[in-house]
Amino acid sequence: MKKLIIVLILLALITPVFAQSNSENQDRMYYINVPVERIFPTSTGYIIQYRSSTILSTVGIPNEWFSDSAGSAEIIRLPTGADWPTMSVFYRNGEFSHVRLYVHRVKSHWTWGSIPQGTDVSRFFTDRDSFKINY
């Protein structure tokens, strides 16, 4: 019985060594989460005002990014109790992967804004292949 217990203890100590994966080709994922001040839906996409450090920054997310399931953007409606929207930007191996918007489910909430019709918003959607935020 003693030998069995010793063998089990040694097995328990050695097993995690073999469970490790030391491959260098693993993806390194990380994200940056920033609080959103206002969300402006437009015909081109969403314009997001967010708080970065001590300043208010603005970025545009094109509508095409929301179109398919493997797209670069996803919009998630917050549950009833949560009413502060956030934006999470995900990076894989140091390059932009995708963005998630966590928004208030009711569009009459004060974090949803509107831009007057005819306003030129093209400057927020110049680069449709990458996504850069200030943090």
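Procedures and definitions
- Residues numbered from 1 in each chain as written.
- Predicted model: local features only at pLDDT ≥ 70, side-chain atom pairs only at ≥ 80, totals over all residues.
- Heavy atoms only, no water.
- Helix = DSSP H or I, 4+ residues; strand = E, 2+ residues; numbered from the N terminus.
- Buried < 20%, exposed > 50% of the residue type's maximum accessible area, 1.4 Å probe, protein only.
- Contact = heavy atoms within 4.5 Å.
- Areas by Shrake-Rupley, 256 points an atom, 1.4 Å probe, with all protein chains shown as cover.
- Phe/Tyr/Trp six-rings, centres within 6.5 Å; stacked < 30°, edge-to-face > 60°.
- Pairing = 2+ DSSP bridges.

> Kindly report on the overall build of the chain, identifying the contributing residues and their values.
Of the regular secondary structure elements, the chain holds one helix and six strands. Helices (α) and strands (β) of the chain occur, in sequence order from the N terminus, as α-β-β-β-β-β-β. In the chain, which comprises 135 residues, the share counted as buried stands at 31%. Pairs at least 24 apart in sequence give 63% of the contacts found in the chain among residues at least 6 apart. Accessible surface, the chain as shown: approximately 9300 Å² in total, 54% of it carbon and sulfur.

> Give me the packing of aromatic side chains: which residues, what numbers.
Aromatic ring pairs are defined here through the distance separating the ring centres and the angle between the ring planes. For the coordinates displayed, the defined rule picks out six aromatic pairs. Seen from their ring centres, W84 and W110 are 5.6 Å apart, and the 55 degrees between their planes marks the pair as tilted. Pair noted here: W84 is in the loop between β4 (73-77) and β5 (86-92) and W110 is in the segment after β6 (95-103), with a separation of 26 residues, a long-range link. Residue W84 is classed as partly exposed on the basis of its relative accessible area of 40%. An aromatic cluster is defined as three or more aromatic residues linked by ring pairs; in this entry it consists of Y46, F66 and W112.

> Break down the pairing of strand β3 (residues 55-62) for me, citing the residues and quoting the values.
Strand direction decides the pairing type here: strand β2 (residues 45-52) and β3, joined by eight bridges, are antiparallel. Looking across to β3, one finds that R51 is bridged to L56. In textbook terms, the turn of a hairpin is the stretch between consecutive antiparallel strands, and for β2 and β3 this stretch comprises two residues, one of which, S53, has a positive phi near 55 degrees.

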